[in-house]
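Okay, here's what each chain looks like letter by letter:
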Amino acid sequence: MLIRSIGKTLRGKATPFQIILACVLGSMIGFVPGLAQGGGLLFALALLLILLNANLGVAALVGAGAKLIALALTPVSFMVGRALLDGPTQPLFAWAINAPVLALFGLDYYVTTGGAAIGLVLGLGVGFGLVAVVKGFRRKMASLEENSEAYKRYAGKWWVRLLAFLFIGGGPGKVSYSQMLDKRIGNPVRPLGLALVVLVVALLWIVQAFASGPILTAALVSGLEQANGATVDLSNADMDLKGGRLTITGLAMADPNNLATDIFRAASLEANISGADLLRRRVGMDTVVVKEASSGAQRTVPGRLIG
């Protein structure tokens, strides 16, 4: 499979732009440390790989190799990230870390920022090196196409074409190698990729519109329990991003020092929130209205300690 993938790259129609783009995106994906530290960055890079007409085979090979290198170079990624976040480029990264959407990329982690920088440099190096190899191969094949009668005679045999397809991938088809040498960029956008990206965005909107309540409720319960240190009960949570409003009903937070009582209980809580702050991984509340609030009320079922 590895040899066939390399053969398809050499003999296929991928342009230098598509090869370099695949190397850069594959390498940067490989250097993302994990979902917790760079989930947003990984999602964005994956969407770009689907949308842009990068060579997927090259991206997969480079990404797998980059992941192995990234594991070995984790201390180096940490040091590079620290130099970027705490050094002369600190103002730039401070803006990115606090910017909407970019704040979801995990750039505040040294290993994420350092890994992205190393992955970019490594991807460019591998990309330009691979382009040089591919161009050299195609230049040689173009010379054979024009000057070698023996090559033309054997290349036209069915069994030669079959073996080439099985072991080193399909050739350029009706396009000659000399024509491929003149093609540098090609179509920058993958039509099927564009359709898939639109589908993903549509699915995210549907999930946000129809399933945000249960997801938000579970996320709030988990976060509040970690902050409170004891059981948190929550009937429902609903967020209206367009109206900028968060509504919580049936909130009961057990007292970690007396699990038979609630340190805070409210029938409902409404707050004005900022959508831009949410995209910065923050919760900013301008006005909070609490109804039927109490403290020290007895619980029907004692709570339990968390963490």
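Residues numbered from 1 in each chain as written. Predicted model: local features only at pLDDT ≥ 70, side-chain atom pairs only at ≥ 80, totals over all residues. Heavy atoms only, no water.

### Examining the pattern of salt bridges
In step 1: Going through the model one piece at a time under the given rule, you end up with four salt bridges.
In step 2: One salt bridge in this structure joins aspartate 262 and arginine 265, with 2.7 Å as the shortest N-O distance.
In step 3: With a relative accessible area of 2%, aspartate 262 lands in the buried category.
In step 4: Note that arginine 299 is salt-bridged to aspartate 262, the shortest N-O span being 2.7 Å. One end of the pair, arginine 299, is in the segment after strand 4 (285-291); the other, aspartate 262, is in strand 3 (residues 258-273), with 37 residues separating them in the sequence. The pair arginine 299 / aspartate 262 is uniform in exposure class, with both members buried.
In step 5: Look at the salt bridges and you will find they share partners, linking Asp233, Asp262, Arg265 and Arg299 into a network. (Salt bridge = Lys/Arg side-chain N within 4 Å of Asp/Glu carboxyl O. Buried < 20%, exposed > 50% of the residue type's maximum accessible area, 1.4 Å probe, protein only. Helix = DSSP H or I, 4+ residues; strand = E, 2+ residues; numbered from the N terminus.)

### Description of the packing of aromatic side chains
Aromatic ring pairs are described here by two measures, namely the spacing of the ring centres and the angle between the planes.
In step 1: Scanning the entire structure with this criterion turns up one aromatic pair.
In step 2: Seen in terms of ring centroids, phenylalanine 78 and tyrosine 110 are 5.1 Å apart; in terms of plane orientation they differ by 85°. Their pairing is edge-to-face. Highlighted residues: phenylalanine 78 in helix 5 (residues 74-86) and tyrosine 110 in helix 7 (residues 110-147), separated in sequence by 32 residues.
In step 3: Judged by relative accessible area, which is 25%, tyrosine 110 ranks as partly exposed. (Phe/Tyr/Trp six-rings, centres within 6.5 Å; stacked < 30°, edge-to-face > 60°.)

### Topic: the side chain of threonine 261
In step 1: If you trace the backbone, threonine 261 turns up in strand 3.
In step 2: Residue threonine 261 is classed as buried on the basis of its relative accessible area of 7%.
In step 3: Residues in contact with threonine 261, not counting those within four places in the same chain, are Ala254, Asp255, Gly296, Ala297, Gln298 and Arg299. (Contact = heavy atoms within 4.5 Å.)

### A closer look at the packing of helix 5 against helix 6 (residues 90-98)
In step 1: Remark: helix 5 packs on helix 6, axes separated minimally by 6 Å, with the N-to-C direction vectors making an angle of 95°. Relative to helix 6, helix 5 is oriented roughly perpendicular. For the pair formed by helix 5 and helix 6, the contact residues are Leu84, Leu85 and Asp86 on the first element and Gln90, Phe93 and Ile97 on the second.
In step 2: Here the residues of the contact of helix 5 with helix 6 are counted per class, giving four nonpolar, one polar and one charged. (Axes fitted to C-alpha atoms, helices over the stretch in contact; angles between N-to-C directions. Parallel < 35°, antiparallel > 145°, perpendicular 65-115°, else oblique. Nonpolar A, V, L, I, M, F, W, Y, C, P; charged D, E, K, R; others polar.)

### Observations concerning unusual backbone geometry
In step 1: Non-glycine residue valine 101 carries a positive phi angle of around 75°.
In step 2: Residue position: valine 101 is located in the loop between helix 6 and helix 7.
In step 3: Look at valine 101 and you get partly exposed, because its relative accessible area is 43%.
In step 4: The backbone of glutamate 292 sits at a positive phi, close to 55°, despite the residue not being glycine.
In step 5: By the secondary structure assignment, glutamate 292 is in the segment after strand 4.
In step 6: You can call glutamate 292 exposed: its relative accessible area is 68%.

### Digging into the environment of glycine 250
In step 1: Along the chain, glycine 250 turns up in strand 2 (residues 245-255).
In step 2: You can call glycine 250 partly exposed: its relative accessible area is 28%.
In step 3: Taking the C-alpha atoms as reference points, glycine 250 and asparagine 236, 14 residues apart in sequence, are found 6.9 Å from one another.
In step 4: If we skip the residues at most four places from it in the chain, glycine 250 touches Asp233, Leu234, Ser235, Ala266 and Ala267.

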